[in-house]
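# Topology and contacts: notes
The primary structure of each chain is shown beneath.
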Amino acid sequence: MSDDIETAVTSPAAPSAPTVIRGEDGTLREEFVDSVRDAVEKGETGTLRSLICYLHESDVGSVIEALDPNLRPRLVELMGPDFDFTALTEVDDTVREEILEELPSETVAEGVRDLDSDDAVLILEDLPKAEQAEILGQLPVEERNALTRILEYPENSAGRLMQSEIIAVKPHLSAGQAIDYMRETPDLPDRFWELYVVDEDSRLVGAVALDRLLRSKHAIAISDLFEDDLRSVRATDDQEAVARLFERYDLVAAPVVDDEDRLVGVITFDDIVDVIEEEAEEDIKALGGVSGGEELSDSVLTIARSRFPWLAANLLTALLSSWVISNFQSTLEKMVALAVLMPIVASMGGNAGTQTMTVAVRALATRELSSANAWRIIRREVLVGVFNGIVFAAIMGMIAATWFDVPDLGTVMALAMVIVLSAGAVGGILIPLTLTRLGVDPAVSSGPFVTTVTDVVGFFAFLGIATAWFGLR
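The structure contained in this document is the topic of the report that follows. Keep in mind it's a predicted model, so treat the numbers as computed, not measured.

Attention now moves to unusual backbone geometry. With a phi close to 65 degrees, Asn156 is a non-glycine residue in the positive phi region. Following the sequence through the fold, Asn156 ends up in the loop between α11 (141–151) and α12 (158–161). In this structure, Ser202 takes a positive phi of about 65 degrees despite not being glycine. Mapped onto the elements, Ser202 comes out in the loop between β2 (194–198) and β3 (204–209).

What follows is the structure, given as structure tokens:
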């Protein structure tokens, strides 16, 4: 390892640390990872601490993922109390679970003790109930009770996402008293943007932005400062709905209330960014037939098992397409050119369907596509399909006629292109809409259906038109 790297990571004031440990493309430098790996293997605690002690938790998480699985828990143990368990919230779920399985419960309890509740819950929620109880039992009563309440909320709910560290004041306090309260309270959130105002029963009545509080005279009452028109969320709300609320209203934070409107926590935008990324990643994976929970760190067997259903569905659609082709066997025997051109028809239809399906599924996920504008979007996509069909009909018609020196074959190809591209556009939007109406996730299920429509329609149209046009039956 070079002296430049050593200096950059051991100085707490070194602004160049991130650029030294990462290359220009943002990936970890191999030399740095090798240095960390060597320190862990040799048990050189001092060297290891000098390398990663002042890194951001996100960078530490990346370093952990780059190490061999057997070295990851060893790194945590060598770092001891200097290891920031927030770094474990930055790694894949599988990696985190494997590390936690190898660590003593005392180490985990000590590590989560100083974390914000939302980070602590992220670490604890995937552990078996027995391990959760063992770790929680070693925490202070107040912290244990707070984490237990959060863990009781449904998975992927606002309650699981929130942090319970909040600043709540009564409306009769003055601005000066609220500021003094914040100065004297040791357990404030690490970062906050507003104070929440609650009544005697802890019900949320409003919020005061921190900048407004600091600009106000000390004698003015909180009741004259707070805004009661704020966007709160229920602890049982789905995290995706909360993310859409943040996007729609450009929120920085949102208070979380229980069923009786009592303030129980707050969700901040940094948590919402993770939710948006997670939901988008799940949609992208689903469109490709990959489970949303699949991660790079998963085992071969886990990945193979999760991908099997999609491949099985595609096998069924392929068999259906083959059956359609088999009904035109005599046609193909009489004109080999049709077999050469047939994959082009299927490919163009499949791509057109996938394009429309991708746009439709994403629009449904973000609630941009609904019953209010569905028919307008359907008409638009159909017109797009027809337009592209006509353009590519002209192109492929000329290519087919010239290639095989059969002018009529160009006409057949052109008609088939118009039909299959139009069918792809229609199927690409109607299938996701129909699945959504039936309560089925369109991102997971649309692909095989769209592929079936485009293949079957494409083959049937092309071979059927050719059979009729050339009288090949």
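Bringing the packing of aromatic side chains into the picture now. In this structure the tally under the stated criterion is four aromatic pairs. On the basis of an interplanar angle of 20 degrees and a centroid distance of 4.9 Å, the ring pair of Trp403 and Phe404 is categorised as stacked. A cation sits over an aromatic face here: Arg231 above Tyr249, 3.8 Å from the ring centre.

The biggest cluster of nonpolar side chains holds 60 residues, and the ones touching the most others in it are Val36, Leu48, Ile52, Ile64, Leu75, Phe83 and Ile267. Here the element with the most residues in this core is helix α3 (residues 30–42); it accounts for five residues. When sequence neighbours within four positions are dropped, the list of residues in contact with Val36 reads Leu48, Leu51, Ile52, Val63, Leu67 and Leu75. Grouped together as the second largest cluster of nonpolar side chains are 29 residues, Met396, Ala400, Phe462 and Leu463 included.

Positionally, Ile179 belongs in helix α13 (residues 175–184). Residue classification places Ile179 among the buried positions, given a relative accessible area of 10%. Taking the C-alpha atoms as reference, Ile179 lies 9.7 Å from Leu210; in sequence the two are 31 residues apart. Among all residues touching Ile179, those that are not within four sequence positions of it are Leu213, Leu214 and His218.

Take the sheet that holds strand β1 (residues 168–169) next. Strand order in the open sheet formed by three strands is β1-β2-β3, with mixed pairing between adjacent strands. If you trace the sheet from one side to the other, it starts and ends with β1 and β3, each paired once. Strand direction decides the pairing type here: β1 and β2, joined by two bridges, are parallel. When the sheet's bridge partners are listed, Val169 is paired in β2 with Val197.

This brings us to the environment of His56. Its place among the elements puts His56 in the loop between α4 (45–52) and α5 (57–66). For His56, a relative accessible area of 47% translates into the label partly exposed. Linking His56 and Arg367, residues 311 residues apart in sequence, is a C-alpha distance of 35 Å. Within polar-contact distance, the side chain of His56 engages the backbone nitrogen of Ser58 at 2.9 Å.

What counts, and where the lines are drawn
Residues numbered from 1 in each chain as written. Predicted model: local features only at pLDDT ≥ 70, side-chain atom pairs only at ≥ 80, totals over all residues. Heavy atoms only, no water. Helix = DSSP H or I, 4+ residues; strand = E, 2+ residues; numbered from the N terminus. Phe/Tyr/Trp six-rings, centres within 6.5 Å; stacked < 30°, edge-to-face > 60°. Lys NZ or Arg CZ within 6 Å of the ring centre and 35° of its normal. Core = buried A, V, L, I, M, F, W, Y, C linked by side-chain atoms within 4.5 Å. Buried < 20%, exposed > 50% of the residue type's maximum accessible area, 1.4 Å probe, protein only. Contact = heavy atoms within 4.5 Å. Pairing = 2+ DSSP bridges. Polar contact = N/O pair within 3.5 Å; in protein donor to acceptor, adjacent residues only side chain to side chain.

Nothing here speaks to function; it is all geometry.
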